[in-house]
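Here is what each chain is made of, one letter per residue.
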Amino acid sequence: MSKKQTETPILADEVIGKSEAFVLKYKNVITGAILAIIIIVGGYMAYNNFIVKPKNAEANKAIFYAEHLFIDGDFEQALNGDGVNAGFIKIIDDHSGTPAANIAKAYAGLCYVQLGDFDNAIKYLEDYSGNDRVIAPKVKAALANCHAQKENWNKAIDLLLDAADEAENVAVTPECWRDAAAIYEKIGKKDEARKLYERIKNEYPDSHLAMDADKMINSVK
């Protein structure tokens, strides 16, 4: 029997608005918003790559089956298949170099995150390649949060700041800064945390995080 997520599924709407340091409080999960956006936008990206512009019918069918299991929270079967249908690992191995295999790497990494295997999560998230200004930075941010779970604080901060710079948009950058600032707080670098909170307030005033910016800034004064 496959191992399913034992905790309540993480929804972006539930995560947004929680403490800015939530990434440091939950040891078995990464940012829910990152996960949800990768699922939603990744599914859209997969649809365009594998339905609108099909390149490999077998890989196309497999990626959608595995993605369905992922969305349902059946992470082990999404990774390894059910004995009949392939999971993300087999898709990566059998269809190397295809768009399907690339997307499968991101999903595989997120499956391992949910199973608490951060070493394998890091391996597969690092193997994903892409230049989309939403998906690629979100994958990098997920990778950063994996390093945060392993207390690789400086690596996590560097990845989050890189992801923020690569994205340079209201959907991604403020959240990356917020997570990096939370880590700075964790390791006692309050000045660096404050600067990032101030950047959220000043550079992305339309972000949903901006409304809490003053509270975040005051917390590190």
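Residues numbered from 1 in each chain as written. Predicted model: local features only at pLDDT ≥ 70, side-chain atom pairs only at ≥ 80, totals over all residues. Heavy atoms only, no water.

Caption draft 1: The arrangement of the overall build of the protein chain in detail. A tally of regular secondary structure across the protein chain gives 13 helices and zero strands. Walking the protein chain from its N terminus toward its C terminus, one meets helices and strands in the order α-α-α-α-α-α-α-α-α-α-α-α-α. Across the 221 residues of the protein chain, 49% fall into the buried class. Counting only contacts in the protein chain whose residues sit at least 6 apart along the sequence, the fraction spanning at least 24 positions is 55%. (Helix = DSSP H or I, 4+ residues; strand = E, 2+ residues; numbered from the N terminus. Buried < 20%, exposed > 50% of the residue type's maximum accessible area, 1.4 Å probe, protein only. Contact = heavy atoms within 4.5 Å.)

Caption draft 2: A look at the nonpolar core. Counting 62 residues, the largest nonpolar core has F70, F88, I91 and Y197 as its most contacted members. The leading source of residues in this core is helix α7 (residues 99-114), at 10 residues. Apart from the residues within four sequence positions on either side, F88 is in contact with I63, A66, E67, F70, A78, L79, A104, Y107, A108 and C111. (Core = buried A, V, L, I, M, F, W, Y, C linked by side-chain atoms within 4.5 Å.)

Caption draft 3: Highlighting the packing of helix α10 (residues 153-167) against helix α11 (residues 173-186). Contact pair α10 / α11: the axes reach a minimum separation of 8 Å and the direction vectors enclose 160°. Taken together, α10 and α11 sit at an angle that is classed as roughly antiparallel. For α10 against α11, the interelement crossing comes out left-handed. In contact with W153, A156, I157, L160, L161, A163, A164 and A167 of α10, α11 contributes T173, C176, W177, D179, A180, I183, Y184 and K186. Of the residues contributing to the contact of α10 with α11, the split by class is 13 nonpolar, one polar and two charged. (Axes fitted to C-alpha atoms, helices over the stretch in contact; angles between N-to-C directions. Parallel < 35°, antiparallel > 145°, perpendicular 65-115°, else oblique. Left-handed = near helix turned anticlockwise from the far one by under 90°. Nonpolar A, V, L, I, M, F, W, Y, C, P; charged D, E, K, R; others polar.)

Caption draft 4: Seen up close, the side chain of N102. Within the secondary structure, N102 sits in helix α7. N102 has contacts with D127, Y128 and S129, leaving out every residue within four places of it along the chain.

Caption draft 5: Representation of the packing of aromatic side chains in the model. The tally for this structure, following the rule as stated, stands at five aromatic pairs. Residues F70 and F75 carry aromatic rings whose centres are separated by 5.5 Å and whose planes lie at 75° to one another, so their mutual orientation is edge-to-face. Of the two residues examined, F70 and F75, each falls in the buried class. Measuring from ring centre to ring centre gives 5.1 Å for F88 and Y107, while their planes differ by 5°; the resulting arrangement is stacked. Note that F88 is positioned in helix α6 (residues 88-94) and Y107 in helix α7, a separation of 19 residues in sequence. For Y107, a relative accessible area of 1% puts it in the buried group. Feature note: the residues F70, F75, F88 and Y107 constitute an aromatic cluster, connected by ring pairs. (Phe/Tyr/Trp six-rings, centres within 6.5 Å; stacked < 30°, edge-to-face > 60°.)

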